[in-house]
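Each chain, letter by letter, is given below.
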Amino acid sequence: MVLTMNQNRLRKKINRFPQTSGVYFMRDIAGKVIYVGKATNLRSRLTSYFQTFLTTKTQMMMQEVASITYRKTESDLDALLLEARLIKELQPRYNMRLTDDKTFPLLAITKEEFPRVFITRERGKRDNIYYGPFISNTDLRNALRTLQRIFRFRTCKYKIYTDKKQSIPKSCLLSHINLCSAPCLSKINQLNYRETINSLNDFLIGKKISLKKRLEELMREASHKLDYENAAIYRDQIRSLENISNVGKLGLFYEELLISETPLGKLRLIQEILGLSNIPLHIEGIDISDIKGNQAVGSVVVFIDGEPVKDLYRRFKIKKTPEGVSDDYSRMKEVVHRRFSRLIQTNTKVDLLLIDGGKGHLKVVSTVFDNLLDWTPGQAGMKIKPPPIVGVAKGTKTETIYLLKDGTITKFRMNNNLRLLDYIRDEAHRFAKKYHHLRRSKETIKYGASRT
């Protein structure tokens, strides 16, 4: 590409542009904006327009460019949203295909009682409010993840009942890792959730200053009413907005966030934090359920590649510990022994065993493997090596993770990158409790029949 005198002048001017995120404007000789673009690094992005290899369309556009100006933004996320607003407002000639072409994605917010936020390529539905269109689907998805970290809106299609008698709780991983305020579980009322969506709308249209002021007022009101839970939510949103230059990065930060939101990514983070030698692709969670030692049962839930595989779930009726005796340790030992005795026969390898309990439970469970032998042909009577064992113990403020590996117990504080373990523990508890209720119901029916 041979540069004209004007293009040489523009290139020299661009060398003085900042290396920050922002939006740039390309204008023709009459001063009219013919193209709007965003950049994570304004100088680097605009320099690329003067390289040798450009598409025919870009070369044609550059022949018309007489001047280039820019507007800095606090973050990549701000640049993405500002670009979409300006394209819609200014309708530059070389961007106009965006406003008509249905292949470009939009951000949509429904008008339900508890609105959900999602990405779509369909437009024109009266039940939705639309923002965009956006040039990059990848950037938009990354932006949605960041916005969800700040505003914790829902993206699911679950039907939400305002009448608690009709409500069927549907817990999901997003609520466990604090990326959703979980209206489906009645963790937030309609008024407070609506405030969240109003805040999101303000942010999307660029009203960050007024948004921050409103959040500060809401935080003060909540504190005055002693509603400290919602006050903390507003406080966190304010902090995120103040720190948007870090929260709104669309580069490496998003890659890390995306990794942490995929099942395999979560497992890699767990491996790294706990110092495991292998990615825990096969995790089994075990829990016990009883009432004062009666109708005691155990459960095993199985997670493969970070996802629950319910066909592999198993339940156990406690046989060795007498009824009426509260002995959680003995019951846990029994379930672990029976479970791994079967796994040995099928040569199934468990990468991580998770139990509901603390150090005491870990020590007791570890003794089970002293008496488990592998009778695989050619390995007569070889003692099996136990998998790393994790205990999730409840605390006053948050859970604590205890890891037993190679005879040593290490303590970890629960954080968002370990929330999958919390979810597995809850799933084991749910499954055990369900079986326990089933046993109690059968005993009640049996007792009633014997009296008639």
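First, a word on what this report is: a plain description of the structure on this page.

Reading guide: rules and limits
- Residues numbered from 1 in each chain as written.
- Predicted model: local features only at pLDDT ≥ 70, side-chain atom pairs only at ≥ 80, totals over all residues.
- Heavy atoms only, no water.
- Pairing = 2+ DSSP bridges.
- Helix = DSSP H or I, 4+ residues; strand = E, 2+ residues; numbered from the N terminus.
- Axes fitted to C-alpha atoms, helices over the stretch in contact; angles between N-to-C directions.
- Contact = heavy atoms within 4.5 Å.
- Salt bridge = Lys/Arg side-chain N within 4 Å of Asp/Glu carboxyl O.
- Buried < 20%, exposed > 50% of the residue type's maximum accessible area, 1.4 Å probe, protein only.
- Parallel < 35°, antiparallel > 145°, perpendicular 65-115°, else oblique.
- Left-handed = near helix turned anticlockwise from the far one by under 90°.
- Nonpolar A, V, L, I, M, F, W, Y, C, P; charged D, E, K, R; others polar.
- Phe/Tyr/Trp six-rings, centres within 6.5 Å; stacked < 30°, edge-to-face > 60°.
- Lys NZ or Arg CZ within 6 Å of the ring centre and 35° of its normal.

1. Let's talk about the sheet that holds strand S3 (residues 67-72)
- Strands sit in the order S2-S1-S3 across an open sheet of 3 strands; the sheet is antiparallel. Every other strand in the sheet has two partners, leaving strand S2 (33-39) and S3 as the edge strands with one partner each. Taken over all neighbouring pairs, the strand axes of this sheet differ in orientation by 20 degrees on average, direction set aside.
- Sheet analysis places strand S1 (residues 22-27) next to S2, joined by 6 bridges and oriented antiparallel. Within S2, the position partnered with Tyr 24 by the bridge is Gly 37.
- Lying on the sheet, helix H4 (residues 76-90) is in contact with S1, S2 and S3; it crosses S2 at an angle near 165 degrees.

2. Here's the deal with the pattern of salt bridges
- One pass over the structure, following the stated rule, counts 21 salt bridges.
- The partner of Arg 214 in a salt bridge is Asp 202, with the nearest N and O atoms 2.4 Å apart. Taken together, the positions of Arg 214 in helix H9 (residues 208-224) and Asp 202 in helix H8 (residues 190-204) put the pair 12 residues apart, joining distant regions of the chain.
- For Arg 214, a relative accessible area of 24% corresponds to the partly exposed category.
- Look at Asp 202 and you get buried, because its relative accessible area is 15%.
- Note that Asp 426 and Arg 425 form a salt bridge whose closest N and O atoms lie 2.9 Å from each other.

3. Observations regarding the packing of helix H14 (residues 328-345) against helix H15 (residues 359-368)
- Contact geometry of H14 with H15 gives a least axis separation of 9 Å together with a crossing angle of 40 degrees. Overall, the two elements H14 and H15 adopt an arrangement that is oblique. Judged by the sense of rotation from one axis to the other, the crossing of H14 with H15 is right-handed. For the pair H14 and H15, contact is made by Asp 328, Tyr 329, Met 332, Lys 333, Val 336 and His 337 and by Gly 360, His 361, Val 364, Val 365, Thr 367 and Val 368, respectively.
- Residue classes in the contact of H14 with H15 are distributed as 6 nonpolar, 4 polar and 2 charged.

4. A closer look at the packing of aromatic side chains
- A full pass over the atoms with the stated rule returns 8 aromatic pairs.
- Between the aromatic rings of Tyr 24 and Tyr 35, the centroid separation amounts to 6.3 Å while the plane-to-plane angle is 40 degrees, which identifies the pairing as tilted. Of this pair, Tyr 24 sits in strand S1 while Tyr 35 sits in strand S2, and the two are 11 residues apart along the sequence.
- You can call Tyr 35 buried: its relative accessible area is 14%.
- When the centroid spacing of 5.0 Å and the interplanar angle of 75 degrees are considered together, the rings of Phe 340 and Phe 369 count as edge-to-face. Of the two residues, Phe 340 is situated in helix H14 and Phe 369 in the loop between H15 and strand S12 (373-374); the sequence distance between them amounts to 29 residues. Per residue, the accessibility class of Phe 340 equals that of Phe 369, and both read buried.
- Three or more aromatic residues joined by ring pairs make a cluster, and in this case those are Tyr 24, Tyr 35 and Tyr 49.
- Over the aromatic face of Phe 118 sits the side chain of Arg 116, whose NZ or CZ is 4.4 Å from the ring centroid.

5. A closer look at the packing of H9 against helix H10 (residues 228-242)
- For the pair H9 and H10, interaxial distance at closest approach is 8 Å and the crossing angle is 160 degrees. Put simply, H9 runs roughly antiparallel to H10. The way H9 lies across H10 gives a crossing that is left-handed. Each of Leu 211, Lys 212, Leu 215, Glu 216, Leu 218, Met 219, Ala 222 and Ser 223 in H9 lies in contact with H10, whose residues at this interface are Tyr 228, Asn 230, Ala 231, Tyr 234, Arg 235, Gln 237, Ile 238, Leu 241 and Glu 242.

6. What to know about the sheet that holds strand S6 (residues 128-131)
- The strand order across the open sheet built from 3 strands is S5-S4-S6, with neighbouring strands paired in antiparallel fashion. Two strands in the sheet have a free side with no partner beyond their single neighbour: strand S5 (117-120) and S6. Each strand axis lies, on average, 35 degrees off the axis of its neighbour in the sheet, ignoring direction.
- In this sheet, S5 lies alongside strand S4 (residues 106-110) in antiparallel orientation, the contact comprising 4 bridges. Bridge pairing links Leu 107 to Ile 119 in S5.
- Its contacts with the sheet put helix H6 (residues 137-151) on S4 and S5, and the angle it makes with S5 is roughly 180 degrees.
- H8 contacts S4, S5 and S6 of the sheet and is inclined by roughly 155 degrees relative to S4.

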